[in-house]
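Residues per chain are reported as follows:
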Amino acid sequence: MSEVSSNSHSTELTSQYIAQVTGDLERNAKEQERVGAEIEALQEQLRALRHDHTVLVNMQDALGGPGSTPGAEAAAAPSVPHQVSAEPKQSKGKKAAATGAKKTAPKKPAAKASSVKASTAAAKPTLVELIRGHLEKQTEPRSAAEITTALTQAHPDRSVKTTVVRTTLEGLVAKSHAHRTKQGSSVFYTTAVTSEPAPAEPQQETVSD
C-alpha cells in the first residue's frame, strides 16, 4: 500500500510540474511576442530617426557646404600679406587656395543631388504619422488589424505588421494622442481631440483676480 501511495504522490507532483512548465512556456511565448513587437516598433522609430538625420545632413551640406569654403579662403588670405618677406610661403598659400577652389567645385553637383534625394526621401512619412493621420480621418473606432489593412492598401510599398501597429497605437495612447476602447475581447482606437479646455484656465484665473 505504501508503494501505491508513493507512486500516486509522485504522479501528482509530476502533473503539477508539467502544468507549471506549460504555463511558464505560454507566458514566455507571450513575453517574446510582446518584446519582439516592441523591438520592431523601436526599429521603425530608429529608421525614421536615421532618415531624418540623413535629410538634415544633406540639407546642411547643401546649405553650409559651399559657404564654408569662402571662410577657409578668407582665413588663409591674411597669411599672404603677413608673410611678405617669405616668397615660398606665398606660393604655398596660392597653391592651397587653388587646390581649395578645385575641391569646392565638385561639391556643387553633389549638393544638388543630395538635396534632390533629401526632398524625395522627406516625402515618406513615418509609421506614427500614417497611423495618426488615418485615425484623424475615421469617424468610428478602428482596431489594429483594420488600421494595418488600410495602411497596407494605401501604401503597398511599405511592410506594415499588426504587432508593430498595435505597439505604436499603445504608444500614442500613452502620450494621450489616441484613445483606447474595449468592446468584449476586441480593442479599438480613436484619435484624441480633447485638447481644447486648456485656454479656459487663464480665464478663471483672471476672474478670481
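Thresholds, definitions, all that
Residues numbered from 1 in each chain as written. Predicted model: local features only at pLDDT ≥ 70, side-chain atom pairs only at ≥ 80, totals over all residues. Heavy atoms only, no water. pLDDT = per-residue confidence, 0-100. Helix = DSSP H or I, 4+ residues; strand = E, 2+ residues; numbered from the N terminus. Contact = heavy atoms within 4.5 Å. Core = buried A, V, L, I, M, F, W, Y, C linked by side-chain atoms within 4.5 Å. Buried < 20%, exposed > 50% of the residue type's maximum accessible area, 1.4 Å probe, protein only. 1 Å grid on protein atoms, 1.4 Å probe; cavity = no way out; pocket = protein on both sides within 12 Å on 5 of 7 lines; lining within 4 Å. Points joined across faces, edges and corners; volume = space filled by probe spheres on them. Nonpolar A, V, L, I, M, F, W, Y, C, P; charged D, E, K, R; others polar. Patch = residues over 30% accessible without salt bridge, like charges linked within 9 Å, V, L, I, M, F, W, Y side chains within 5 Å. Areas by Shrake-Rupley, 256 points an atom, 1.4 Å probe, with all protein chains shown as cover. Salt bridge = Lys/Arg side-chain N within 4 Å of Asp/Glu carboxyl O. Pairing = 2+ DSSP bridges. Axes fitted to C-alpha atoms, helices over the stretch in contact; angles between N-to-C directions. Parallel < 35°, antiparallel > 145°, perpendicular 65-115°, else oblique. Polar contact = N/O pair within 3.5 Å; in protein donor to acceptor, adjacent residues only side chain to side chain.

Engineer: Looking at this structure, how should I read the confidence of the model for the chain?
Structural biologist: Detailed reading of predicted coordinates is not advised where the pLDDT is low. Across the chain, the average pLDDT comes to 74, with 61% of residues at 70 or higher. Looking over the chain, one finds the lowest element-wise mean pLDDT in helix α8 (residues 200-208), namely 45, and the highest in helix α7 (residues 162-174), namely 91. This model gives residues 67-77 a pLDDT under 50, and the stretch forms two contacts once residues within four places in sequence are excluded. A low-confidence stretch, residues 79-88 stays under pLDDT 50, and its non-local contacts, those more than four residues away or across chains, total four contacts.

Engineer: Explain the nonpolar core here, please?
Structural biologist: Side chains of a nonpolar character, in soluble globular proteins, are inclined to be buried together. Counting 15 residues, the largest nonpolar core has L127, I131, L135, I147, L151, V165 and L169 as its most contacted members. Taken together, the elements giving at least two residues each to this core come down to α5 (127-137), α6 (144-154) and α7. Not counting residues within four places of it along the chain, the set of residues in contact with I147 comprises I131, H134, L135, R142, V165 and L169.

Engineer: What should I look at first to understand the layout of surface pockets in this one?
Structural biologist: Take a probe with the size of a water molecule and roll it over the atoms, and the empty space left behind shows itself. Its volume calculated, the largest pocket comes out at about 400 Å³. E44, R47, L127, R158 and S159 are, among the 15 residues lining the largest pocket, the residues nearest its centre. The element that contributes the greatest number of residues to the lining of the largest pocket is helix α1 (residues 2-76), accounting for six residues. Here the residues of the lining of the largest pocket sort into five nonpolar, four polar and six charged. Put simply, the second largest pocket is a space of about 330 Å³. Taken together, 18 residues line the second largest pocket, and the ones lying closest to its centre are A41, Q45, V128, T168 and K175. Counting only elements with at least two residues in the lining of the second largest pocket, the list comes to α1, α5 and α7. It is α1 that provides the largest number of residues to the lining of the second largest pocket, a total of six residues. Taken together, the residues of the lining of the second largest pocket sort by class into seven nonpolar, six polar and five charged.

Engineer: When you look at a nonpolar patch on the surface in this model, what are you seeing that I'm missing?
Structural biologist: Taken together, L56, M59 and L63 make up a surface patch of nonpolar side chains, about 350 Å² in accessible area. Note on placement: M59 falls in helix α1. The exposure class of M59 is partly exposed, given its relative accessible area of 42%.

Engineer: Just to check I follow, could you spell out the pairing of strand β2 (residues 186-191) for this structure?
Structural biologist: The side chains of a regular strand alternate between both faces of the sheet. Pairing of strand β1 (residues 178-183) with β2, which is carried by six bridges, proceeds in the antiparallel orientation. Bridging from a neighbouring strand, H179 pairs with T190 of β2. Here β1 folds back onto β2 in antiparallel fashion, the turn holding two residues, of which G184 has a positive phi close to 70°.

Engineer: Sorry if this is basic, but what is going on with the packing of α5 against α6 here?
Structural biologist: For any two helices packed against each other, one specifies the inter-axial angle together with the distance between the axes. For the pair α5 and α6, interaxial distance at closest approach is 11 Å and the crossing angle is 110°. When the interaxial angle is binned, α5 and α6 end up roughly perpendicular. Between α5 and α6, the residues in contact are L127, L130, I131, H134 and L135 and I147, A150 and L151, respectively. Taken together, the residues that form the contact of α5 with α6 break down as seven nonpolar, one polar and no charged.

Engineer: Quick question: what am I supposed to make of the side chain of R158 here?
Structural biologist: With respect to the helices and strands, the residue R158 is situated in the loop between α6 and α7. A distance of 3.0 Å separates a polar atom in the side chain of R158 from a polar atom in the side chain of E44. At 2.4 Å, the side chain of R158 and the backbone oxygen of P125 are in polar contact. Residues within four places of R158 in sequence aside, it is in contact with E44, P125, T126, L127 and L130.

Engineer: Looking at this structure, how should I read the environment of G133?
Structural biologist: Relative to the helices and strands, G133 resides in helix α5. In this structure, the C-alpha to C-alpha distance between G133 and T191, residues 58 residues apart in sequence, is 9.0 Å.

Engineer: What should I look at first to understand the pattern of salt bridges in this one?
Structural biologist: Think of it this way: side chains of opposite charge can pair up when their charged atoms draw near. Counted by the stated rule, this structure contains eight salt bridges. With a closest N to O distance of 2.5 Å, E170 and R180 form a salt bridge. Of this pair, E170 sits in helix α7 while R180 sits in strand β1, placing them ten residues apart in sequence. The class for E170 is partly exposed, based on a relative accessible area of 28%. Three or more residues are tied together by salt bridges with common partners; here these are E31, R34 and E38.

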